[in-house]
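Each chain is listed here by its residues.
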Amino acid sequence: MIRVVDAVLEDIRVCLEINLPKLNQRRVSCVKFVGELYNYQLVESNVVFKVLYLLLQFGSNPDGEGSNKVIVVVVVVVVIVVVVVVVVVVVVVVVVVVVATAAAVVIVVVVVVVVTVRCRLAFSLLRSAIQCLRGARSSVGDPGKSPYLSVDLVSTELQIIS
């Protein structure tokens, strides 16, 4: 097992030194392999940290004057991830506001419909009550004419005859 891990670490270092584009996939797969070895607890965390340190520090000048492309790439990737997260959060907030507005509109429409139905029902009940009063107090043969109560349903004025 030690020889396998040593060979993988050496392969990562050689791929970094040669720096050919066709070796990029091999280098990434070797780093993934080291990560999987860590997941299965076949290597310790210090090996993973050494690989990460090797990736970040390889090719840089020990005096700090050289530019390290890997660090620049990591910073760019982090910035892109942060921008994507901010955009996603803004989109979620906009969706929540739109949904809340749509819900408010639906509530207003429901309230208007309920009020309209209640108003029509109230007028219908009033009309039925007036018709019942007319019919209950009719004296002689015509149930629609009462000598005590005269109701004009068109103008909805109530006139009491004395």
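Above this text sits the structure in question.
The numbers attached to residues start from 1 for each chain and follow its sequence in the written order. Given that the model is predicted, a residue must reach a pLDDT of at least 70 before its local features are reported, and side-chain atom pairs must reach 80 or more before they are shown or counted; all residues, however, enter totals for whole chains, interfaces and linings. Side-chain measures were taken over the full set of non-hydrogen atoms in the model, leaving aside hydrogen atoms and water.

1. Observations regarding helix H2 (residues 24–39)
Under the 1.5 Å per step criterion, the end-to-end length of H2 is 23 Å for 16 residues, consistent within 8% with the ideal 22 Å. Each residue's exposure class comes from its accessible area (1.4 Å probe, protein chains only) as a fraction of the maximum for that residue type: buried when under 20%, exposed when over 50%, partly exposed otherwise. A run of H or I in DSSP counts as a helix once it spans at least four residues, and a run of E counts as a strand once it spans at least two, with each numbered from the N terminus. Here H2 has its buried residues at Arg 27, Cys 30, Val 34 and Leu 37. Buried residues of H2, seen end-on, are gathered within an arc of 80° and therefore sit on one face of the element. Relative to its buried face, H2 has exposed residues pointing more than 90 degrees away, namely Gln 25, Lys 32 and Asn 39. Any two residues whose heavy atoms approach within 4.5 Å are treated as being in contact. Taken together, the buried residues of H2 touch helix H1 (2–18) and helix H3 (45–57). Multiplying 1.5 Å by the residue count of a helix minus one yields the expected span of that helix. The arc in question is the one traced by the directions running from the helix axis out to the C-beta atoms.

2. Looking at the side chain of Arg 27
Its location among the elements puts Arg 27 in helix H2. Positive charges come from Lys and Arg, negative ones from Asp and Glu, while His and the chain ends are left out of the count. In the sections that follow, a salt bridge refers to a side-chain nitrogen of Lys or Arg positioned within 4 Å of a carboxyl oxygen of Asp or Glu. For the buried Arg 27, which has no salt bridge, the nearest side chain bearing the opposite charge is Asp 11, at an N-O separation of 9.2 Å. Those residues within four positions of Arg 27 in sequence are excluded, and the remaining contacts are Cys 15, Leu 16 and Asn 19.

3. Structural notes on the nonpolar core
We call a set of buried Ala, Val, Leu, Ile, Met, Phe, Trp, Tyr and Cys residues a nonpolar core when their side-chain atoms join them within 4.5 Å. Counting twelve residues, the largest nonpolar core is built from Val 5, Val 8, Ile 12, Leu 16, Cys 30, Val 34, Leu 37, Val 43, Val 47, Val 51, Leu 54 and Leu 55. When residues of this core are traced back to their parent elements, those giving at least two are H1, H2 and H3. The residues contacting Val 8, other than those within four sequence positions of it, are Cys 30, Phe 33 and Val 34.

4. Quick word on H3
Taking 1.5 Å per residue as the helical rise, H3 with its 13 residues ought to reach 18 Å, and the 18 Å between its terminal C-alpha atoms agrees with that figure. Among all positions of H3, only Val 47, Val 51, Leu 54 and Leu 55 are buried. Across the axial projection of H3, the buried residues extend over an arc of 95°, all falling on one side. Facing away from the buried side of H3 by over 90 degrees, the exposed positions are Phe 49 and Tyr 53.

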